[in-house]
Amino acid sequence: AQVYFPALGLLVPEGMRFTLRSRRPPRDVVNAALSYLYTILLGECVTALHAAGLDPGIGVLHTPQDNRPSLALDLMEELRPLIVDQVVVNACRLQRLRPEHARPDEGSAVLLTKAGKEILLTAYEQRMNRDVSGALPDYAGSYRRHLHRQAQRLMVSVMNPGTPWTGLSWR
């Protein structure tokens, strides 16, 4: 994260650049956009795990804490750069997401405006509904369908210890 996010910040136009990932609170429009869409993707991961019959609170990479959906955070890891980070970077580069899509809040926090959220949500939905293939052998479908398939594959690996787990392999 210490190397990744500063590099990601270099991919957005000059007026939107950031050097650190800031959350709770986000301190700029890009960090607010990342936080907003990570929250939405996390909700989809929780739903996919429930649909597959798994408890989202029992994680592997993320340790269980309080009511944190640790397994959903685990599932989300391989999709964050591919879905959310690309949506945010593209929205910035196409100048759909701009500094005026954020407003200051208490202290140094920055919140997205309603228009900013709508722009991001539209781009996120377009990305999640895009049909892709090649990430899993003999499987094609939307990114959203891949997310649900990964949750199902995770359930099979958990319930059958002899079944190895493999992540998505995008080309």
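Residues numbered from 1 in each chain as written. Predicted model: local features only at pLDDT ≥ 70, side-chain atom pairs only at ≥ 80, totals over all residues. Heavy atoms only, no water.

Caption draft 1: Just helix 6 (residues 143-159), in detail. Taking 1.5 Å per residue as the helical rise, helix 6 with its 17 residues ought to reach 24 Å, and the 24 Å between its terminal C-alpha atoms agrees with that figure. Looking only at helix 6, the buried set comprises Tyr 143, Arg 144, His 146, Leu 147, His 148, Gln 150, Ala 151, Arg 153, Leu 154 and Ser 157. (Helix = DSSP H or I, 4+ residues; strand = E, 2+ residues; numbered from the N terminus. Expected span 1.5 Å × (residues − 1). Buried < 20%, exposed > 50% of the residue type's maximum accessible area, 1.4 Å probe, protein only.)

Caption draft 2: Here's a closer look at the side chain of Asp 85. The residue Asp 85 is located in helix 4 (residues 81-93) in this model. The side chain of Asp 85 is buried and forms no salt bridge, while Arg 80, the nearest opposite charge, is found at 5.9 Å. Reaching out from Asp 85, the side chain makes a polar contact with the side chain of Tyr 4 at a distance of 2.4 Å. Once you skip the residues sitting within four places of it in the chain, Asp 85 turns out to touch Tyr 4, Leu 8, Leu 34, Tyr 38 and Arg 80. (Lys, Arg positive; Asp, Glu negative; His and termini not counted. Salt bridge = Lys/Arg side-chain N within 4 Å of Asp/Glu carboxyl O. Polar contact = N/O pair within 3.5 Å; in protein donor to acceptor, adjacent residues only side chain to side chain. Contact = heavy atoms within 4.5 Å.)

Caption draft 3: Spatial organisation of the packing of helix 4 against helix 5 (residues 114-128). At a minimum axis distance of 10 Å, the contact between helix 4 and helix 5 shows a crossing angle of 130°. Taken together, helix 4 and helix 5 sit at an angle that is classed as oblique. Crossing angle aside, the handedness with which helix 4 passes helix 5 is right-handed. Note on element contacts: helix 5 touches helix 4 through Leu 120, Ala 123, Tyr 124, Arg 127 and Met 128, opposite Leu 82, Ile 83, Val 84, Gln 86, Val 87, Val 88 and Ala 91. Counted by class, the contact of helix 4 with helix 5 contains ten nonpolar, one polar and one charged residues. (Axes fitted to C-alpha atoms, helices over the stretch in contact; angles between N-to-C directions. Parallel < 35°, antiparallel > 145°, perpendicular 65-115°, else oblique. Left-handed = near helix turned anticlockwise from the far one by under 90°. Nonpolar A, V, L, I, M, F, W, Y, C, P; charged D, E, K, R; others polar.)

Caption draft 4: Region of the structure containing helix 3 (residues 70-77). Burial analysis of helix 3 places seven of its eight residues in the buried class, which makes it a mostly covered element. Turning to helix 3, its buried residues are Ser 70, Leu 71, Ala 72, Leu 73, Asp 74, Leu 75 and Met 76. Tucked into the core, helix 3 has its buried residues touching helix 2 (29-52) and helix 6.

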